[in-house]
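Structural description and commentary
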Amino acid sequence: MFGWQGNILRINLTRKKAVTSTFDSSFAFNHLGGRGFAAKILWDELKPEDNPFSPTNKLVFATGPLTGFGVPNSGKLVVAAKSPLTGGYGDGNIGTNAAVQMRKAGYDAVIIEGKAKTPVFIHVKDKVAEFKDAKDLWGLNSFEVEKQLKTLYGPSVGTVSIGPAGENLVKYAMIVSQEGRAGGRPGIGAVMGSKNIKAVVFEGSNMLTAAFPKEFKEQSAASYREILTKSGYEFWKKQGTMSTIEWSQENYVLPTLNFREGSFDEAPKIGGFAMEKIKISNRGCPQCNMTCGNIVKDSEKQEAELDYENVAMLGSNIGLGDLGQVATLNRLADELGLDTISLGNVIGFALEASERKLITDRIHWGKFKDLRGLVSDIAYRRGLGELLAEGVKYVAAKLGGDSSDWAMHVKGLEISGYDCHAAPGMALSYGTSPIGAHHKDAWIIGWEIEHGRESYDEEKIAKLAEAQRLRGGVFEALTLCRFPYLQLGLALEWYPKLLHAATGTQLPWATLYEIADRTSHLIRAFWIREFGKDWTSDMDMPPKRWFKEPLTKGPLKGKKLDKEKFTTMLTGYYSKKGWDERGIPTRSTLRKFGLGEVAHQLNKHVLLAE
Ligand code: SF4
């Protein structure tokens, strides 16, 4: 088989055994890679009774058929498991040399199961996996761990690791690589911690072989060149995603003070142009020629990385208008292995709870000393941090009153960086994202603002479903970064061409979309199986704040979401997906995608509609 290595490494920590198995072309062509592989593996191997922190949970690393080949923006790794934060399917991707080295070591995917008795790290080199004692690494932050491992194995190895947050089972702990590349928002780092694994090191010397090497090399080089010719290239290199701060402020969608408002008085101080003044270099994922990580000197004179999401969530959402201080919080979060999005959301909630005197701790919007302390306290589960480490849904349930109305999450995963008081399409994107509230699958808000932000119509639903297919479906299965296409307009035609040259098989868009849909239904089935009879369409609803409390300032003052129209839009979305009015895939939809056995299994948990 060209394109794929055809191998999965299964590491059992309890038995200290590592076994390689092969997969056939039907697995490859039905699920493609990345999220597609992870969804299939987690559906097949987990049961609803498996606690996310029990040894029975599986941690999956998965790549795509183009990973490691030297294709634009292909140095990404999907990490997945049952989420301790949401109880459902959880994944994320990390830009890391570990993805490249894992493929060169001979693997398309790695499944980690069981639990080590004492902390370990795993060294995988050319199809040999070794278990190593990690007692000297346990307790170190993710930057320090990587440094030590690179001193031991050399600078070219790929590593992923967890920081103290993962060790302490903070429900939104991430897996980290290369000082700031992080993935697995729904607590995938905590799953790694629960298994007592501090890090995995990948080293490979195998060459990846394309079906048509000459054609592949030419196409790859040409697609890289095309990126350099794009008109937005220079500006992207200057600001990356940071210009979105100004865009969000202009369009009143910048999350502010726990998503009460869509604009922040101090936005110019934390925007892309302010960032340029303190920027010192770019950093990014492997195999990328448009690196977007902005390295700045933070308020403590250390290097830190900034992008839109972390500045929105650790800046405007918590009332902090000093970019150097935002950078410090972000660096700390990366070192400790915390998801910056959930962190900013949880802290915003805690600040509001303090203001309303629902908690006794006196913490204040924008007060750096309070905020810095909270970040560490959460990672180490100290004081108020013990409660906040559980995520905003849990904290609201504990505090009671009306606090669940302003706990900004969907399915337990905290909302990322866009306020949706006046953006129903983006609210639907958060509601129906396969991992809980995350923007990655469908950043519909840009299109929505241009084409009518007030509408709840069919066109918007169709646009959303199309974006989810492409971004969450195809790009996540290929584990490719979406930015060359989305930000610079790299032609989409490159992807089937490159896939053909790599795998020797024609994979036109119709086929890629069919795989994307299969993965989407499978992930939905996973959620339904977990929640069984407790599942209702309410789980796809965005937070009540956006329906109940209008914006209080600016030209959109008074705007909020309309519950009735939103519910109709959600039902329309279900129908487009082939799901019933509860949001559950019908039997015929599952059968259509070769998931007849999934339908059979799922029907044991909820009665499926025909
Ligand atoms: S554009 Fe940014 S996120 Fe995408 S691969 Fe490059 S550095 Fe990574």
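Notes on the structure in this doc start here. (Residues numbered from 1 in each chain as written. Predicted model: local features only at pLDDT ≥ 70, side-chain atom pairs only at ≥ 80, totals over all residues. Heavy atoms only, no water.)

1. Considering the overall build of the protein chain
In terms of helices and strands, the protein chain carries 27 helices and 17 strands. Over its C-alpha atoms the protein chain spans a radius of gyration of 22 Å, differing by no more than 12% from the 25 Å that the globule rule assigns to 610 residues. The 610 residues of the protein chain split such that 65% are buried. Contacts in the protein chain between residues at least 24 apart in sequence constitute 71% of all its contacts with a sequence separation of at least 6. When the accessible surface of the protein chain is totalled, it reaches about 21,200 Å², and 51% of it is carbon and sulfur. Averaging the coordinates of the 78 positive side-chain charges in the protein chain and doing the same for the 71 negative ones gives two points 3 Å apart. (Helix = DSSP H or I, 4+ residues; strand = E, 2+ residues; numbered from the N terminus. Rg over C-alpha atoms; globule rule 2.2 N^0.38 Å. Buried < 20%, exposed > 50% of the residue type's maximum accessible area, 1.4 Å probe, protein only. Contact = heavy atoms within 4.5 Å. Areas by Shrake-Rupley, 256 points an atom, 1.4 Å probe, with all protein chains shown as cover. Lys, Arg positive; Asp, Glu negative; His and termini not counted. Charge placed at Lys NZ, Arg CZ, Asp CG, Glu CD.)

2. Structural notes on the sheet that holds strand β15 (residues 303–306)
Pairing is antiparallel in the open sheet, where three strands are placed in the order β13-β14-β15. Where the open sheet ends on each side, the last strands, each with one partner, are β13 (279–283) and β15. Direction aside, neighbouring strands of the sheet carry axes that sit 35° apart on average. In this structure, strand β14 (residues 293–297) lies alongside β15, joined through four bridges in antiparallel fashion. Residue I295 lies in a different strand from β15, and its bridge partner there is E305. Across the sheet, helix α13 (residues 323–336) lies against β14 and β15, angled at about 95° from β15, the strand it touches most. (Pairing = 2+ DSSP bridges. Axes fitted to C-alpha atoms, helices over the stretch in contact; angles between N-to-C directions.)

3. Re the pattern of salt bridges
Taken as a whole, this structure holds 50 salt bridges when the rule is applied. Between K58 and E113 there is a salt bridge; the shortest N-O distance is 2.8 Å. Here E113 lies in strand β6 (residues 109–113) and K58 lies in the loop between α2 (34–45) and β3 (59–62), a separation of 55 residues in the sequence. We note that K58, like E113, is buried. We note a salt bridge from K440 to E476, for which the minimum N-O separation is 3.4 Å. Of this pair, K440 sits in the loop between α18 (424–432) and α19 (445–451) while E476 sits in helix α20 (residues 458–478); the two residues are 36 residues apart in sequence, bridging distant segments of the chain. Take K440 and E476: they sit in the same class, and that class is buried. When salt bridges with common partners are traced through the structure, they connect R260, E352, E355, R356, D402, R545 and E549 into a single cluster. (Salt bridge = Lys/Arg side-chain N within 4 Å of Asp/Glu carboxyl O.)

4. Here we look at the packing of aromatic side chains
Per the counting criterion, the structure on display carries 24 aromatic pairs. Each ring, one from F547 and one from F566, has its centre 5.7 Å from the other, and the planes form 75°; the classification is edge-to-face. Of this pair, F547 sits in helix α24 (residues 545–548) while F566 is found in helix α25 (residues 563–577), placing the two residues 19 residues apart along the sequence. Residue classification places F547 among the buried positions, given a relative accessible area of 10%. An aromatic cluster of three or more residues is present, and its members are W247, Y308, Y418 and W443. A cation sits over an aromatic face here: K198 above W138, 5.9 Å from the ring centre. Here the guanidinium or amino end of K411 rests over the ring plane of W527, the centre of that ring lying 5.8 Å away. (Phe/Tyr/Trp six-rings, centres within 6.5 Å; stacked < 30°, edge-to-face > 60°. Lys NZ or Arg CZ within 6 Å of the ring centre and 35° of its normal.)

5. Comments concerning the pairing of strand β1 (residues 7–12)
Extensive coverage of β1 is indicated by the burial of five of its six residues. Judged from the six bridges that link them, β1 and strand β2 (residues 17–22) form a sheet pairing that is antiparallel. Within β2, the position partnered with N7 by the bridge is T22. Counted between consecutive antiparallel strands, the loop separating β1 from β2 contains four residues, among which K16 sits at a positive phi close to 50°. Summarising the sheet, β1 and β6 pair through five bridges and their orientation is parallel. Across the sheet, residue I8 finds its bridge partner in β6, namely A109.

6. A few points about the site of the ligand
Taken together, N73, K76, G284, C285, C288, M290, T291, C292, C481 and F483 make up the full set of residues near the ligand. Broken down by class, the residue content of the shell around the ligand amounts to six nonpolar, three polar and one charged. (Near = heavy atom within 4 Å. Nonpolar A, V, L, I, M, F, W, Y, C, P; charged D, E, K, R; others polar.)

7. Considerations on helix α22 (residues 494–503)
Of all ten residues making up α22, nine are buried, and the element is well covered by its neighbours. Immediately beyond the C-terminal end of α22, within one or two residues, lies G504, with a positive phi of roughly 80°.

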